[in-house]
Amino acid sequence: MADHKDVVESIEKKMGFKPHILETLEELDPEFLTKYRRCDGKLLSDGALPAKTKILMALAVVASKQCEACTVAQMKSALNHGVTKEEIMEAMDVIFLTSGAPAVAACRESLKLLK
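Residues numbered from 1 in each chain as written. Predicted model: local features only at pLDDT ≥ 70, side-chain atom pairs only at ≥ 80, totals over all residues. Heavy atoms only, no water.

The next subject is the overall build of the protein. Within the protein, the secondary structure is distributed over 8 helices and 0 strands. Tracing the protein from N to C terminus, the helices and strands come up as α-α-α-α-α-α-α-α. Expected size for 115 residues packed as a compact globule is a radius of gyration near 13 Å; at 14 Å, the protein falls within 12% of this value. Considered along the principal axes of its C-alpha atoms, the protein spans approximately 45 × 30 × 25 Å. By residue count, 33% of the 115 residues in the protein fall in the buried class. Put simply, 60% of the contacts in the protein that link residues at least 6 apart link residues at least 24 apart. (Helix = DSSP H or I, 4+ residues; strand = E, 2+ residues; numbered from the N terminus. Rg over C-alpha atoms; globule rule 2.2 N^0.38 Å. Buried < 20%, exposed > 50% of the residue type's maximum accessible area, 1.4 Å probe, protein only. Contact = heavy atoms within 4.5 Å.)

With that settled, consider the environment of V61. Turning to its location among the elements, V61 is positioned in helix α4 (residues 51-64). Residues V61 and V83, spaced 22 residues apart in sequence, show a C-alpha to C-alpha distance of 17 Å.

The next subject is helix α6 (residues 85-99). In this model α6 runs 20 Å from its N-terminal to its C-terminal C-alpha over 15 residues, within 8% of the 21 Å that 1.5 Å per residue would give. The complete set of buried residues in α6 reads I88, A91, M92 and I95. Taken down its axis, α6 places every buried residue within 110 degrees of arc, on the same side. Those residues of α6 that are exposed and angled more than 90 degrees off the buried face are E86, E90 and L97. Next to the buried residues of α6 lie α4, α5 (68-80), α7 (101-105) and α8 (108-111). Of the residues one or two after α6, G100 is the one with positive phi, at around 85 degrees. (Expected span 1.5 Å × (residues − 1). Arc of directions from axis to C-beta.)

A separate point is unusual backbone geometry. The phi angle of most residues is negative, glycine excepted, and most peptide bonds adopt the trans form. Here Q66, not a glycine, exhibits a phi torsion of approximately 60 degrees, which is positive. Looking at the element boundaries, Q66 is found in the loop between α4 and α5. By relative accessible area, Q66 is classed as partly exposed at 48%.

Time to look at the pattern of salt bridges. According to the stated counting rule, one finds 3 salt bridges in the structure shown. We note a salt bridge from K112 to E109, for which the minimum N-O separation is 2.9 Å. (Salt bridge = Lys/Arg side-chain N within 4 Å of Asp/Glu carboxyl O.)

Let us look at the packing of helix α2 (residues 20-28) against helix α3 (residues 32-43). Running from N to C, α2 and α3 cross one another at 150 degrees; their axes reach a closest spacing of 9 Å. For the pair α2 and α3, the contacting residues are I21, L22, L25 and E26 in the first and F32, L33 and Y36 in the second. When grouped by side-chain class, the residues that make up the contact of α2 with α3 number 6 nonpolar, no polar and 1 charged. (Axes fitted to C-alpha atoms, helices over the stretch in contact; angles between N-to-C directions. Nonpolar A, V, L, I, M, F, W, Y, C, P; charged D, E, K, R; others polar.)

Okay, the nonpolar core next. Counting residues in hydrophobic clusters, the biggest one holds 24 residues, and the most contacted among them are L33, L56, I88 and I95. Of all the elements in the fold, those that place two or more residues in this core are α1 (4-15), α2, α3, α4, α5 and α6. Broken down by element, the residue count for this core peaks at 5 residues, all from α4. For L33, the residues in contact, after removing those within four places along its chain, are H4, V7, V8, L22, L25 and E26. (Core = buried A, V, L, I, M, F, W, Y, C linked by side-chain atoms within 4.5 Å.)

In structure tokens:
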């Protein structure tokens with residue numbers, strides 16, 4: 001089993017930044033990070049769908065849950081995976097159509113990253 005520091009570094013490398021939740025998880029339960037890495041491995045790797053498509057899907061899901069901090073994390077990940085402003089804005093159309101204005105409002109801080 002990978003050392004928890006290796007897990008954090010691996011996730012940070014794939015995402016392009018270290019999500020704050022990893023610091024908390026690392027302190028509380030380092031073994032949980034192994035489970036977290038498996039999930040991120042699926043999301044941040046190309047498969048039948050390219051990673052950037054899956055990240056945009058994740059952005060839409062967390063926006064629909066109205067989790068502003070989550071949308072910031074997914075936006076950072078999207079930008080680090082080469083998602084363009086145009087692709088993000090098209091995803092915002094989908095978010096609005098499927099989840100409404102509150103979901104778009106949850107993206108307020110994340111959209112500032114596009115400036």
